Amino acid sequence: MQRNLTQSKEALLKSYNSRLKEDIRSMRENFEEIIRLAKGENDTQLSKITQCEQDTYETQVRAANIVRAGESLMKLVSDIKQYLILNDFHSVNEAICSNSSLYRSTQIDRDNKLMAVRDDMAADLYDLEEEYYTSIYK
């Protein structure tokens, strides 16, 4: 069971890694293509106006692809944060156990002090009662 859980975590981390690489590759390729289009080095048979319109549309598509890849990266960061929160049970359990043992020892200490006070009060009350009944001033 533990091994399957570890393998699923590794598979999830590998998928995060591949998503990250794919999004960055997409952003880089689209950015490079926008730069190439901006230079205007295309030797085509199209008129300048038609080529300019085509370059404008392609630039808009490339920019939209960059935005999509950026949004995908933001989603990936959110997924990784969620993964870290949900899979950090070990440190959470350690903190809970540490605090629990600290509180348990504090409780035992307080209980011992309360019992000592109870015993002292009982002894003092017994002495007081004894003194009252043996007193000549009653």
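Residues numbered from 1 in each chain as written. Predicted model: local features only at pLDDT ≥ 70, side-chain atom pairs only at ≥ 80, totals over all residues. Heavy atoms only, no water.

Where we set the bar: UniProt positions are given in the numbering used here, feature names are shortened, and annotations may be inferred rather than shown by experiment.
The name an unreviewed UniProt entry gives the protein is Mediator of RNA polymerase II transcription subunit 22, with Anopheles farauti as the organism. Its UniProt record gives the protein a comment under Sequence similarities (unreviewed entry), which states: "Belongs to the Mediator complex subunit 22 family." You can read under Subcellular location (unreviewed entry) in the UniProt record for the protein the words "Nucleus".

### Examining the domain arrangement of the protein
The test is simple: An automatic or database domain assignment supplies the start and end points of every domain.
Domain annotation of the protein identifies domain 1 (1-87) and domain 2 (89-137). Centre-to-centre separation of domain 1 and domain 2, based on C-alpha positions: 65 Å.

### Focus: the packing of aromatic side chains
This is how the line gets drawn: Centre distance within 6.5 Å is the pairing criterion for rings of Phe, Tyr and Trp, where only the six-membered ring of Trp is used; planes under 30 degrees apart are then read as stacked, over 60 as edge-to-face, and the remainder as tilted. Secondary structure elements are taken from DSSP: a helix is a run of H or I of four residues or more, a strand is a run of E of two residues or more, and numbering for both begins at the N terminus. Any residue under 20% of the maximum accessible area for its type is buried, any over 50% is exposed, and the rest in between are partly exposed; the area is computed with a 1.4 Å probe on protein chains only.
If you walk through the whole model with that rule in mind, you get two aromatic pairs. Considering the side-chain rings of Tyr16 and Tyr83, the 6.1 Å spacing of their centres and the 85° angle between planes classify their relative orientation as edge-to-face. In this pair, Tyr16 sits in helix H1 (residues 2-39) while Tyr83 sits in helix H2 (residues 48-86), placing the two residues 67 residues apart along the sequence. For the pair formed by Tyr16 and Tyr83, the shared burial category is buried. Centroid distance Tyr132 to Tyr133: 5.2 Å. Interplanar angle 70°. Geometry classified as edge-to-face.

### Regarding the pattern of salt bridges
Short version of the rule: The term salt bridge refers to a pairing of a side-chain nitrogen on Lys or Arg with a carboxyl oxygen on Asp or Glu at a separation within 4 Å.
One pass over the structure, following the stated rule, counts 10 salt bridges. Put simply, Arg118 and Asp119 hold a salt bridge, and the shortest N to O gap is 3.1 Å. Under the relative-accessibility criterion, Asp119 is labelled partly exposed at 41%. Here the salt bridges do not stand alone but share partners, grouping Arg19, Lys75 and Asp79 into one network.

### Here's the deal with H2
Quick reminder: α-helices carry 3.6 residues per turn. Residues three or four places apart thus point the same way. This is how the line gets drawn: Helix span is expected to be 1.5 Å times the residue number reduced by one.
Compared with an ideal rise of 1.5 Å per residue, which puts 39 residues at 57 Å, H2 spans 56 Å between its outermost C-alpha atoms and is within 8% of the ideal. Of all the residues in H2, the buried ones are Gln51, Asp55, Ile66, Ala69, Gly70, Ser72, Leu73, Leu76, Asp79 and Tyr83.

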